[in-house]
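Take a look at the letters that make up each chain.
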Amino acid sequence: MVERLTVSSSPHILSENKTSKIMLDVVIALLPATVGAIYFFRMNAAVLIALAIVTAVVTEWGIQKIRNQSVSITDFSAVVTGLLLALNIPASAPWWIPVIGSAFAIGIVKQLFGGIGQNFMNPALAARIFLTISYTDKMTDWRRPIDLVTSATPLSYVKDATAVPANAPALIDTFIGNVAGSMGETSAILLILGGLYLVYRGVISITIPGIYIGTVAILTLLYGQFDFQFMLFHIFSGGLMIGAIYMATDYASSPVTKKGRMYFAFGCGLITALIRIFGAYNEGVGFAILLMNVAAPLIEKYTSPRVFGEVKKQNA
């Protein structure tokens, strides 16, 4: 029998979960969406995904070598960052977009702040926002699956509307993935399957994705005057699924307390809905999560449980 209780300073309970094991589970969970992206967008997707992953791994290896640190590329965290970034860019992007994005995600957002576990925001998501602001035309050149013809994203059809117009893509297409958009966010079902795997493996809990998606669902349902088609269109379209399941749940940039995760998820959902409904931008997931990443330390401060034996300070 393995001895788990040690007489020493905390932590007293050892876990068999290692970073490499957790990250490998995330890679496995993203495989359905990755395969779907390659199927829908053909060779363009495969090349961009490969470039993003290779650049992320090489950047992490290079920085750690320069700083005389132990190389940790075998923990798969750089692979996850590269893969997530690739799934957040359009298939029409030139080859240098994932290269610049992955180098920024690893070099600036992750390693500059101390490496894995020290980053205050999700590296892949920060890189996507950086690329969107810097190269807007390249990052918003959406193409239809298979034929790669320029097309509007589903969310553009419901912008400034309270109902789904007749010329919008069919709701089933947003669920399956036969719509224009970033490579990994077009198929809600493939992202959900990966999310269920992560919950089953205990890598994430249902708290953040459930409250995040639920908040967007309720707010869009109210705004759409209880039009369920309008609400489902918002749920299955855009980056909500990939953001709520794979990015908002990032261990390093989200609160660790139970109440904190609830407030964090609600804030993500509220900001996402507000941007989508009232903002000038069709999508709000990336900005919402990054804003809540910055607020995470403050949320933890006010939701941390009281230390055992602690008493409130009495006023003199």
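Residues numbered from 1 in each chain as written. Predicted model: local features only at pLDDT ≥ 70, side-chain atom pairs only at ≥ 80, totals over all residues. Heavy atoms only, no water.

A few points about the overall build of the chain
Part 1: The helix and strand inventory of the chain stands at 13 helices and zero strands.
Part 2: The N-to-C order of helical and strand elements in the chain reads α-α-α-α-α-α-α-α-α-α-α-α-α.
Part 3: Along the first, second and third principal axes, the C-alpha atoms of the chain reach 65 × 50 × 40 Å.
Part 4: By the burial criterion, 49% of the 316 residues in the chain qualify as buried.
Part 5: The contacts of the chain with a sequence gap of at least 6 include a subset with a gap of at least 24, amounting to 73%.
Part 6: Carbon and sulfur atoms form 66% of the exposed surface of the chain, whose accessible area is close to 15,600 Å².
Part 7: The average position of the 21 basic charges and that of the 16 acidic charges among the side chains of the chain differ by 7 Å. (Helix = DSSP H or I, 4+ residues; strand = E, 2+ residues; numbered from the N terminus. Buried < 20%, exposed > 50% of the residue type's maximum accessible area, 1.4 Å probe, protein only. Contact = heavy atoms within 4.5 Å. Areas by Shrake-Rupley, 256 points an atom, 1.4 Å probe, with all protein chains shown as cover. Lys, Arg positive; Asp, Glu negative; His and termini not counted. Charge placed at Lys NZ, Arg CZ, Asp CG, Glu CD.)

A few points about the UniProt feature "transmembrane region" (unreviewed entry) in the chain
Part 1: The UniProt record marks residues 22-40, 46-63, 70-89, 198-222, 228-248 and 260-279 with the feature "transmembrane region" (unreviewed entry), using the residue numbering of this structure.
Part 2: Its end C-alpha atoms 26 Å apart, residues 260-279 is made of 95% helix and 0% strand. (UniProt positions renumbered as here; feature names shortened; annotations may be inferred.)

Digging into helix 2 (residues 77-87)
Part 1: The buried count for helix 2 comes to 11 of 11 residues, which makes it a mostly enclosed element.
Part 2: Within the sequence span of helix 2, burial applies to Ser77, Ala78, Val79, Val80, Thr81, Gly82, Leu83, Leu84, Leu85, Ala86 and Leu87.
Part 3: Against the buried residues of helix 2 lie helix 1 (19-66), helix 3 (96-110), helix 4 (123-134) and helix 11 (240-247).

Section: the pattern of salt bridges
Part 1: Throughout the structure, instances matching the rule amount to four salt bridges.
Part 2: Salt-bridge contacts for Glu60 lead to Lys110; the nearest nitrogen and oxygen are separated by 2.7 Å. Note that Glu60 is positioned in helix 1 and Lys110 in helix 3, a separation of 50 residues in sequence.
Part 3: What makes Glu60 buried here is its relative accessible area of 0%.
Part 4: Classification of Lys110 by relative accessible area gives buried; the value is 3%. (Salt bridge = Lys/Arg side-chain N within 4 Å of Asp/Glu carboxyl O.)

Examining the confidence of the model for the chain
Part 1: Averaged over the chain, the pLDDT score is 88; the fraction of residues at 70 or greater is 91%.
Part 2: Looking across the chain, the model is least confident in helix 6 (residues 154-157), with a mean pLDDT of 88, and most confident in helix 9 (residues 207-223), with 96. (pLDDT = per-residue confidence, 0-100.)

Some words on the packing of aromatic side chains
Remark: the centre distance and the inter-plane angle together describe each pair of aromatic rings, the angle taken between the planes.
Part 1: This model, assessed by the stated rule, comprises eight aromatic pairs.
Part 2: Seen from their ring centres, Trp96 and Tyr135 are 5.1 Å apart, and the 75° between their planes marks the pair as edge-to-face. Of this pair, Trp96 sits in helix 3 while Tyr135 sits in the loop between helix 4 and helix 5 (136-139); the two residues are 39 residues apart in sequence, bridging distant segments of the chain.
Part 3: In this structure Trp96 comes out as partly exposed when scored by relative accessible area, which is 26%.
Part 4: Taking relative accessible area as the criterion, Tyr135 reaches 25% and is therefore assigned partly exposed.
Part 5: Plain terms: the ring middles of Tyr281 and Phe287 are 5.8 Å apart, the flat faces sit at 85° to each other, and that makes the pair edge-to-face.
Part 6: A relative accessible area of 29% places Phe287 in the partly exposed class.
Part 7: Grouped by ring-pair contacts, the aromatic residues Tyr223, Phe230 and Phe278 constitute a single cluster. (Phe/Tyr/Trp six-rings, centres within 6.5 Å; stacked < 30°, edge-to-face > 60°.)

Some remarks on unusual backbone geometry
Part 1: You will see that Phe76, though not glycine, has its phi angle at about 70°, which is positive.
Part 2: The phi dihedral of Asp160 is positive, around 60°, even though this residue is not glycine.
Part 3: Mapping Asp160 onto the fold places it in the loop between helix 6 and helix 7 (171-176).
Part 4: Overall, the relative accessible area of 65% leaves Asp160 in the exposed class.

Some points on the packing of helix 1 against helix 3
Part 1: Two elements in contact, helix 1 and helix 3, have axes separated by 8 Å at closest approach and are oriented at 35°. Where helix 1 crosses over helix 3, the handedness of that crossing is right-handed. Contact with helix 1, carried on its side by Leu48, Leu51, Ala52, Thr55, Ala56, Thr59, Glu60 and Ile63, involves Pro98, Val99, Ser102, Ala103, Ile106, Gly107 and Lys110 of helix 3 and no other residues of that element.
Part 2: In terms of residue class, the contact of helix 1 with helix 3 is made up of nine nonpolar, four polar and two charged. (Axes fitted to C-alpha atoms, helices over the stretch in contact; angles between N-to-C directions. Left-handed = near helix turned anticlockwise from the far one by under 90°. Nonpolar A, V, L, I, M, F, W, Y, C, P; charged D, E, K, R; others polar.)

Overview of the side chain of Thr220
Part 1: Checked against the element boundaries, Thr220 lands in helix 9.
Part 2: Given the relative accessible area of 0%, Thr220 is considered buried.
Part 3: One polar contact links the side chain of Thr220 to the main-chain carbonyl oxygen of Ala217, over a distance of 3.2 Å. (Polar contact = N/O pair within 3.5 Å; in protein donor to acceptor, adjacent residues only side chain to side chain.)

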